[in-house]
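# Working through the structure, step by step
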Amino acid sequence: MRIGAPGAEKPAVRASDSDYVDVSDLVTDFDEAFFGGGGLERIAGPVADRIAAGDVRPFDDQRIGAPIARPHQLLCIGLNYSDHAAETGAEVPKEPILFNKSPNTLVGPNDDVRIPRGSVKTDWEVELGIVIGKRTSYLDSPEQARDHIAGWVLVNDVSEREFQIERGGQWVKGKSAETFNPAGPWLATTDEIADVRDLDMWLDVNGVRRQTGNTKTMIFDPYVVVHHLSQFMVLEPGDLINTGTPPGVGLGMKPPVYLQPGDVMTLGIQGLGTARQTVVAPR
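Values in this document were obtained by computation on a predicted structure and should not be read as measured data. Position numbers for residues start from 1 in each chain and track the written sequence from start to end. The predicted nature of this model means local features are confined to residues of pLDDT at least 70 and side-chain atom pairs, given and counted, to a pLDDT of 80 or more, with totals for whole chains, interfaces and linings taken over all residues. Hydrogens and water are ignored here; the side-chain numbers use all heavy atoms of the structure.

Starting at the N terminus, helices and strands are each numbered in turn, a helix being any DSSP run of H or I of at least four residues and a strand any DSSP run of E of at least two. Within the secondary structure layout, valine 280 lies in strand 19 (residues 273–280). Residues valine 280 and glutamine 260, 20 residues apart in the sequence, show an inter-C-alpha distance of 7.7 Å. When neighbours within four sequence positions are excluded, valine 280 is seen to be in contact with Asp112, Val113, Arg114, Ile115 and Pro261. Contacts between residues were defined by any pair of non-hydrogen atoms, one from each residue, lying within 4.5 Å.

Right under this line is the structure:
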């Protein structure tokens, strides 16, 4: 986890629902150097010692930031749930649909989401995020991808559908407004999740359930995704990959429903915690 004001977050490790271990004396940040330099293994012993000694701090009302520093790249997979593809009327893709999202969209799990100027179709998408653990290129198989993943994180891949679909060009335009990628509250290392291909996920808007899904309906599972991407680019430690959303997005409703200032999104994935974002007006 990362705790503190925007731009001044300190690295931490969750000890329980109410407290955490400060590791800012051990690592600078949860960034490319940390993941690529064996940071997860390096802090495991000291963190266990501190928890055993009761050297923990309460969360209280401190802000929780995104659990990773701004990544080298933020990649996304589109139409990756069979039931979501069906609700949008799209064909099931034969290969993963890849697009970019600006890395500066990354914000904390409970930070505000700002509607971009000129938007009329801002939408929600609960997603499983993959954090890359080491430099990855030309993997031989999806199975090999397991050793290249640092962990999993809850993500809201906020999207502006008019910018994405109706304005020409690539999807990146509808995905990259400021605050459009809340992530967290924590990164769960791979050993903490028994089967990432069977996790319940959900999202509510103003207390009304909109998305209910499970990662088992993914068309391309996380290991296939990492293997596939490694054939086309080098993935760096700390890179974030959003893996697609289950059905229930505003675009798929009849008629479509989109976010308005004052709306509140709450979302969660089994084992990855919950998040809450209030929608605010354009600046």
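Read on, since the account is not over.
Once that is clear, we can look at unusual backbone geometry. Of the consecutive residues glycine 184 and proline 185, the connecting peptide bond is found in the cis state with omega at 25 degrees. Looking along the chain, the bond that leaves lysine 254 and enters proline 255 is cis, with omega of -5 degrees. The residue proline 255 is located in the loop between strand 17 (240–242) and strand 18 (264–269) in this model. Although it is not a glycine, aspartate 60 sits at a positive phi angle of roughly 50 degrees. Position of aspartate 60 among the secondary structure elements: in the loop between strand 4 (57–58) and strand 5 (64–65).

Glancing now at the sheet that holds strand 18. Here, any two strands with at least 2 DSSP bridges between them count as paired. Reading across the sheet, the five strands line up as 9-19-18-15-16 and stay open at both edges, with mixed pairing between neighbours. Both edges of this open sheet fall to strand 9 (113–114) and strand 16 (208–214), since each of them pairs with a single strand only. With six bridges connecting them, strand 15 (residues 200–205) and strand 16 associate as antiparallel partners. Across the sheet, the residue bridging to tryptophan 202 is threonine 212, located in strand 16.

Before going further, it helps to spend a moment on the packing of aromatic side chains. Only Phe, Tyr and Trp rings take part, Trp by its six-membered ring, and two of them pair if their centres are within 6.5 Å. Stacked means planes under 30 degrees apart, edge-to-face means over 60, and tilted covers everything else. With the rule as written, the count across this model stands at five aromatic pairs. Seen in terms of ring centroids, phenylalanine 30 and phenylalanine 34 are 4.8 Å apart; in terms of plane orientation they differ by 55 degrees. Their pairing is tilted. In this scheme, a residue with accessible area under 20% of its type's maximum is buried, one over 50% is exposed, and one in between is partly exposed, where area comes from a 1.4 Å probe on protein chains only. Look at phenylalanine 34 and you get buried, because its relative accessible area is 4%. In textbook terms, an aromatic cluster arises when at least three aromatic residues are bridged by ring pairs, as seen for Phe30, Phe34 and Phe35. Placement of a charge over a ring requires the Lys NZ or Arg CZ to be within 6 Å of the ring centre, with the centre-to-atom vector within 35 degrees of the ring normal. The ring of tryptophan 186 carries the charged tip of arginine 14 above its face, separated from the ring centre by 4.0 Å. The ring of tyrosine 223 carries arginine 146 above its face, with NZ or CZ at 4.1 Å from the centroid.

Right, let's get into helix 2 (residues 39–52). Residue count minus one, scaled by 1.5 Å, sets the expected span of a helix. Helix length check: helix 2 (14 residues) gives 20 Å between terminal C-alpha atoms against 20 Å at 1.5 Å per residue, within 8%. The reported bend at a residue is simply the angle between two axes, fitted to the 7 residues ending at it and to the 7 residues beginning with it. Along its length, helix 2 shows its largest kink, about 30 degrees, at glycine 45, and proline proline 46 lies within four residues downstream of that point. Buried residues belonging to helix 2 abut strand 2 (10–14), strand 3 (19–22) and helix 1 (32–36).

Glancing now at the sheet that holds strand 1 (residues 2–3). Across a sheet, strands are paired by hydrogen bonds formed along the backbone, either parallel or antiparallel in direction. Spatial strand order, 4-3-2-1-5: five strands in an open sheet with antiparallel pairing. Strands at the two margins of the open sheet, each flanked by one partner only, are strand 4 and strand 5. Relative to strand 5, strand 1 runs antiparallel, the two being bridged by two bridges. When the bridges of strand 5 are listed, isoleucine 3 appears paired with isoleucine 64. Against the sheet, helix 2 makes contact with strand 2 and strand 3, and its axis sits at roughly 130 degrees relative to strand 3, the strand it touches most. Interaxial angles span 0 to 180 degrees and are taken between N-to-C directions of axes, which are lines fitted to C-alpha atoms, for helices over the stretch in contact.

This paragraph deals with the pattern of salt bridges. Where charged atoms of side chains with opposite charge meet at close range, the side chains can pair. A carboxyl oxygen of Asp or Glu within 4 Å of a side-chain nitrogen of Lys or Arg is what we treat as a salt bridge. Inspection of the entire model under this criterion finds 19 salt bridges. Between arginine 57 and aspartate 22 there is a salt bridge, with the nearest N and O atoms lying 3.0 Å from each other. Remark: aspartate 22 occurs in strand 3 and arginine 57 occurs in strand 4; sequence separation between them is 35 residues. Take arginine 57: its relative accessible area is 43%, and that puts it in the partly exposed class. Of the charged contacts, one joins glutamate 178 and arginine 283 as a salt bridge, the two residues approaching to 2.6 Å between their closest N and O atoms.

Everything listed is a geometric property; what it means functionally is a separate question.
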